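# Coordinates in review
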Amino acid sequence: MRLQGKVALVTGAARRVGRSIALALGEKGARLALHYNRSKREAQRLAADIRDGFGRDVAIFKADLSDARQAARLADAVVRRFGALHALVNNASVYEVNRFGQTSPRDWDDHLDVNLRAPFFLSQAAAPRMREAGGGKIINIADWAAYRPYTDRIPYCVSKAGLIALNTALAKELAPDIQVNAILPGAVLLPDDYPPRKRAAVIRAAPLKRLGTPRDVAEAVIYLIEGGDFITGVALPVDGGRMIA
Ligand SMILES: NC(=O)c1ccc[n+]([C@@H]2O[C@H](COP(=O)([O-])OP(=O)(O)OC[C@H]3O[C@@H](n4cnc5c(N)ncnc54)[C@H](OP(=O)(O)O)[C@@H]3O)[C@@H](O)[C@H]2O)c1
């Protein structure tokens, strides 16, 4: 699918990896629906950057994706504004430390609701719109740690493992009109407060001996949308080889 002139929705687009994905899609000519929850100012700035830099039609959309109804309504809001929806990138995510003994039901729900339930209901709302538009692409941003879970982030890792199962199920359910693929990033952008000692350990652990970049993830998104019309149901590691180490 060529992105030129197509409508793409990126969740959690305002900052960090989502911002890189949105910029790459804008560079390729997509009309962009930028979702945000708290980062309104960053979303506005990104919209201006894409409009000024690439001359694309851009709009921002607020939704709290812990609320399944807001997730479902988001796809409709995008179609009302742009008249179509061709690509959805499920990127928004909660990523908190939850030690086993201290994890509460609330911690569990916070991760599962945003990282797994929202992509399901967003996809459910988006799929008919994509079919109306002649087909579409859904990209789920998971994590290599879905396969090798961290014990101090069990709800996060379980949510991402569930997202891979969802990716497989949706690829079957939505074929042949819509291709559904996942990306499993390794460490591409550590939290701002990540301790230097742990950062060095992360670099040592990957065979390619460096951190990735948000752009690495964005390029995989572009590949799976533009170059991957015969690819569905895959979970592509973009992790410097971390999963095979
Ligand atoms: N960074 C990495 O190295 C890395 C590694 C492996 C996998 N990943 C995956 O790659 C994706 C992007 O990573 P990242 O580090 O850029 O993510 P992030 O900064 O942790 O979060 C991305 C965005 O998710 C949105 N979000 C959180 N809770 C939300 C809610 N209740 N409703 C709506 N949006 C919500 C936030 O939007 P607002 O700011 O607008 O509130 C946030 O900016 C994630 O799916 C992550 O799991 C990242």
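Residues numbered from 1 in each chain as written. Predicted model: local features only at pLDDT ≥ 70, side-chain atom pairs only at ≥ 80, totals over all residues.

## Quick word on the sheet that holds strand β6 (residues 178-185)
Put simply, the rule is: Strand pairing follows a simple DSSP-based rule, namely that at least 2 bridges must link the two strands. Here a strand is any run of E in DSSP of at least two residues, a helix any run of H or I of at least four, and the numbering for each starts at the N terminus. Interaxial angle, 0 to 180 degrees, is taken between N-to-C directions of lines fitted to C-alpha atoms, where a helix line uses only the stretch in contact. Contacts are defined on C-beta atoms placed from the backbone: any two residues whose C-beta positions lie within 7 Å are in contact.
Strand order in the open sheet made by the seven strands is β3-β2-β1-β4-β5-β6-β7, with parallel pairing throughout. The open sheet terminates on both sides in strands that have one partner only, identified here as β3 (58-62) and β7 (235-238). Each strand of the sheet is rotated relative to its neighbour by a mean of 20 degrees, with strand direction disregarded. Pairing geometry for strand β1 (residues 7-10) and strand β2 (residues 31-36), over four bridges, is parallel. Residue Val-7 lies in a different strand from β2, and its bridge partner there is Arg-31. Across the face of the sheet, helix α5 (residues 154-174) comes into contact with β5 (136-141), β6 and β7 while running at roughly 165 degrees to β6.

## Digging into the site of the ligand
Going by this rule: Whether a residue is near a molecule or strand depends on its C-beta atom, placed from the backbone, lying within 6 Å of it. We call Asp, Glu, Lys and Arg charged. Ala, Val, Leu, Ile, Met, Phe, Trp, Tyr, Cys and Pro are nonpolar, and the rest, Gly among them, are polar.
Around the ligand lies a shell of 25 residues, among which Gly-12, Arg-16, Asn-37, Arg-38 and Ser-93 are the nearest. A total of three residues in the shell around the ligand trace back to one element, the largest contributor, which is helix α1 (residues 16-27). Residue composition of the shell around the ligand, grouped by class: 13 nonpolar, seven polar and five charged.

## A few points about the nonpolar core
Soluble globular proteins tend to pack their nonpolar side chains together in the buried interior. Operational definition: As used here, a nonpolar core is made of buried Ala, Val, Leu, Ile, Met, Phe, Trp, Tyr and Cys residues. They are joined through C-beta atoms within 7 Å. Burial in this document is a count-based property: other C-beta atoms within 10 Å of a residue's C-beta are tallied, and the residue is buried at 20 or more, exposed at 12 or fewer, or partly exposed in between, with C-beta positions derived from the backbone.
Ranked by size, the top nonpolar core spans 69 residues in total, and within it Ala-8, Ile-21, Ala-22, Leu-34, Ile-183 and Val-221 carry the most contacts. Among the elements that line this core, the one with the most residues is helix α4 (residues 105-132), at eight residues. With near-sequence residues (within four places) excluded, Ile-183 lies in contact with Ile-139, Ile-141, Ala-142, Val-217, Ala-220, Val-221, Leu-236 and Val-238.

## Quick look at the pairing of β6
Our working definition: When the strands point away from the viewer and the connection leading from the first strand across the helix to the second strand turns clockwise, the crossover is called right-handed.
Most of β6 sits out of view: eight of its eight residues are buried. Every second residue of β6 is oriented toward a common face, with Ile-178, Val-180, Ala-182 and Leu-184 on one face and Gln-179, Asn-181, Ile-183 and Pro-185 on the other, all of them buried. Relative to β6, β5 runs parallel, the two being bridged by six bridges. By the bridge assignment, Ile-141 is partnered in β6 with Ile-183. At this point the chain moves from β5, through α5, to the parallel β6, and the crossover so formed is right-handed. For β6 and β7, the ladder comprises four bridges, and the chain directions are parallel. In the sheet register, Ala-182 faces β7, and the bridge partner there is Ala-235.

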